[in-house]
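Examining the three-dimensional arrangement
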Amino acid sequence: MNKAIELFGNHIYKLTQFNPEKTLKQLSFVYTAAGLQCKYFPSKLLLPARQYMQWAAADSAIKPLRNPKNSAIVSLYLPCEILHAMGIYQMFPEALACYLAAAGSEKIFIETAENNGIPKTLCSYHKAFIGLVESGVLPSPKFIINTSLACDVNHLSFRRVADYYNVPHFMIDVPSQYNQNNLQYVENQLHQMVDFIEENSNFRLEESRLAEVINISKNTIENFRKIMELRKDRYLSDEMTSQMLSVFATHIMLGSKEAEKYSADMVKQLSECPKERKGVRLLWVHTLPYWQDALRDLINFTDRCEIVACDMVFDALDVNLDEDDPYRYMADRLLRNTVNGKRENRINAVLKYAEKLNADGVVWYCHWGCKQTAGSSAAAKEFLEKNNLPTLVLDGDGCNSQNVNDGQTVTRTEAFLELLENRK
């Protein structure tokens, strides 16, 4: 870890224990400064579209910290087009924890959660999130909205935080099977979500504005379909963080003009990338520990390998874009998500996109505490390798620097890259 980041993390650890309000101000200042650096002094190694999105993602994470009463805490898979249309900012655990890890500051918040009775085995993203709340650092939002999709810890963390803040809480239940009855069921809940927001705030939804946002959302999804098509035969020197930027764009920021611009710029700039391949092509499953220097040194900006996609980016690209009704479109996207339902849905989607993108191998990353990903890893490896796709099941932690083994991670990843190189 960078020495300056380590020192800042130690400072936040001490400061949080006696002045949480000052901790929030200093974290906000650092994130603002980092966002401005990305905007005005970006890495020249990145595509301009990536440079832009680094700032846009940071800005979207900072706004709710500055305007908590105009904000909602949400889960990653919530259709946020409704919130964008109403002018409501969004905070979500994964982003909050990612930025803490990038600043070397997650330790005190994970410890706070564990000291308050949260099991050590719980997802580190949500432990950091709960600790951020219960340490008094994260200001109270207007309300909390989450879905049941994919992550079972949602049922604990969002309900616990809502009780802690004593704010209204709404949850969208997503059935595991796709059919017309379930589609109507989820659509009805999205209408109820609008009623919930209007009953518990001064925000009002204009359907004409929602239609505009939905159109932006569809344009973004269509652009990402084009990105996947372009990525199959183009080489791009990149970094691990870039995949997480695309996760922002296809989830919480979906429906924003920033996500639309990013996706459109990526289509244009990828079209200009060379049709060639250098090194091995990896498809990454689940979150990426982009803060982990040992992996960054191995993967970032190297001709030896490139990550052609993360499955969290394409998890909802099969949504029906011809659907005219905004609520049914959003409901369709939830039910069609590759992480919804049987594990085979996700595994089959990984194979489909690996073949589409000409990937040489898959890294199935088992983030600490994620039962869904870890629980399906053995079946995924067996199935993918039967289909001639070498798969590395890699255990790690997407945000807790105290819970990783750099040596083992690098050794196993190096061996996997060598295996793929020898197959070419």
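These notes cover the structure that comes with them. Throughout, a residue's number is its position along its own chain's written sequence, starting from 1. The predicted nature of this model means local features are confined to residues of pLDDT at least 70 and side-chain atom pairs, given and counted, to a pLDDT of 80 or more, with totals for whole chains, interfaces and linings taken over all residues. Side-chain numbers here rest on the full set of heavy atoms in the structure, without hydrogens or water.

1. What about the overall build of the protein chain?
Helix and strand definitions here come from DSSP, where helices need a minimum of 4 consecutive H or I residues and strands a minimum of 2 consecutive E residues; each element is numbered from the N-terminal end. Each helix and strand counted, the protein chain has 18 helices and eight strands in total. Throughout, the Shrake-Rupley method with a 1.4 Å probe supplies accessible areas, and for residues the shown protein chains are the sole cover considered. Accessible surface for the protein chain amounts to roughly 17200 Å². Of this, 48% is attributable to carbon and sulfur atoms. For the charge count, each Lys or Arg is scored as positive and each Asp or Glu as negative, with His and the chain ends excluded. Every charge is mapped onto a representative atom, which is NZ of Lys, CZ of Arg, CG of Asp or CD of Glu. Of the charged side chains in the protein chain, 47 are positive and 52 negative, and the gap between their average positions amounts to 3 Å.

2. Brief notes about the environment of histidine 155
One can find histidine 155 in helix H8 (residues 154-165). In this scheme, a residue with accessible area under 20% of its type's maximum is buried, one over 50% is exposed, and one in between is partly exposed, where area comes from a 1.4 Å probe on protein chains only. Residue histidine 155 is classed as partly exposed on the basis of its relative accessible area of 33%. Between the C-alpha atoms of histidine 155 and methionine 171, which are 16 residues apart in sequence, the distance is 9.0 Å. For this analysis, residues touch if any pair of their heavy atoms sits within 4.5 Å. In this structure, histidine 155 is in contact with Ser148 and Met171, ignoring residues within four places of it in sequence.

3. Let's talk about a nonpolar patch on the surface
A cluster of nonpolar side chains, contributed by Leu36, Tyr40 and Phe41, occupies part of the molecular surface with about 380 Å² of accessible area. Tracing the sequence through the fold places phenylalanine 41 in the loop between helix H2 (20-40) and helix H3 (48-66). Patches here are clusters of residues that have more than 30% relative accessible area and form no salt bridge, with a 9 Å joining cutoff for like charges and a 5 Å cutoff for nonpolar side chains (Val, Leu, Ile, Met, Phe, Trp, Tyr). Salt bridge, as used here: a side-chain nitrogen of Lys or Arg that lies within 4 Å of a carboxyl oxygen of Asp or Glu.

4. Thoughts on the pairing of strand S6 (residues 305-310)
The side chains of a regular strand alternate between both faces of the sheet. For S6, the buried fraction is high: six of the six residues fall into the buried class. Inspection of the sheet shows strand S5 (residues 280-285) paired to S6 by five bridges, in the parallel sense. In the sheet register, arginine 281 faces S6, and the bridge partner there is glutamate 306. Handedness of a crossover: with both strands directed away from the viewer, a clockwise path from the first strand across the helix to the second marks it as right-handed. The parallel pair S5 and S6, bridged by helix H13 (residues 293-299), forms a crossover whose chirality is right-handed. Strands qualify as paired when DSSP identifies two bridges or more between them.

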